[in-house]
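Each chain, letter by letter, is given below.
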Amino acid sequence: GDCKGRKVWTKMSRQDKRTLYVGGLAEDVDVATLRAAFIPFGELVDANIPLDNKEGTHRGFGFVEFESPEDASEAIYNMNNGELNGRVLSVNIAKPMTVSERSQKAIWHAEADSFFEKAGWTEEVVQDDGVEDEGMQPKAT
């Protein structure tokens, strides 16, 4: 039935709140250790530690993905600045690696806006109401 499709959809829309970045991992921490540290907070979908291809060692961070956003925030609350194998962890919502077209545009617009503001432009200048250069003149009071 269509219930499978719906499940994928909710997974996608809530994904950003369920996947955690875990930094500060000791060298001897592996995926099993990572999973064991976070499983108390809720059902895990996935746990992984990206390995450096040349060395076969990890770079001190990993990711855990929870079934539910609530469990993920509980894990952040309890594990951020907590210790694992003697190292202090930093645990945050993971930022997605892929940047969608829309958010790139949004970033560009935000930067452009602050650029124009810094340059002393006002929105009036940008609007074109058919009168040349009127926005550039100081307003007569």
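Please read all numbers here as calculations on a predicted model, not as lab measurements.

S.K.: Sorry if this is basic, but what is going on with the overall build of the protein here?
M.R.: If you tally the helices and strands in the protein, you get five helices and six strands. Secondary structure of the protein in N-to-C order comes out as α-β-α-β-β-α-β-β-β-α-α. In the protein, which comprises 141 residues, the proportion classed as buried is 26%. Approximately 10,700 Å² of the protein is accessible, and the part contributed by carbon and sulfur atoms is 54%.

S.K.: Explain the sheet that holds strand S3 (residues 61–66) here, please?
M.R.: The strands making up a sheet associate through hydrogen bonds between their backbones, and the pairing can be parallel or antiparallel. Strands sit in the order S2-S3-S1-S6 across an open sheet of four strands; the sheet is antiparallel. Each edge of the open sheet is held by one strand with a lone partner, namely strand S2 (44–48) and strand S6 (90–93). Strand-to-strand, the axes of this sheet are offset by a mean angle of 20°, without reference to chain direction. Packed onto the sheet, helix H2 (residues 31–38) meets strand S1 (19–23), S2, S3 and S6 and runs at close to 140° relative to S2. Each of S1, S3 and S6 touches helix H3 (residues 69–79); the most contacted strand, S6, lies at about 155° to it.

Definitions and limits used
- Residues numbered from 1 in each chain as written.
- Predicted model: local features only at pLDDT ≥ 70, side-chain atom pairs only at ≥ 80, totals over all residues.
- Heavy atoms only, no water.
- Helix = DSSP H or I, 4+ residues; strand = E, 2+ residues; numbered from the N terminus.
- Buried < 20%, exposed > 50% of the residue type's maximum accessible area, 1.4 Å probe, protein only.
- Areas by Shrake-Rupley, 256 points an atom, 1.4 Å probe, with all protein chains shown as cover.
- Pairing = 2+ DSSP bridges.
- Axes fitted to C-alpha atoms, helices over the stretch in contact; angles between N-to-C directions.
- Contact = heavy atoms within 4.5 Å.

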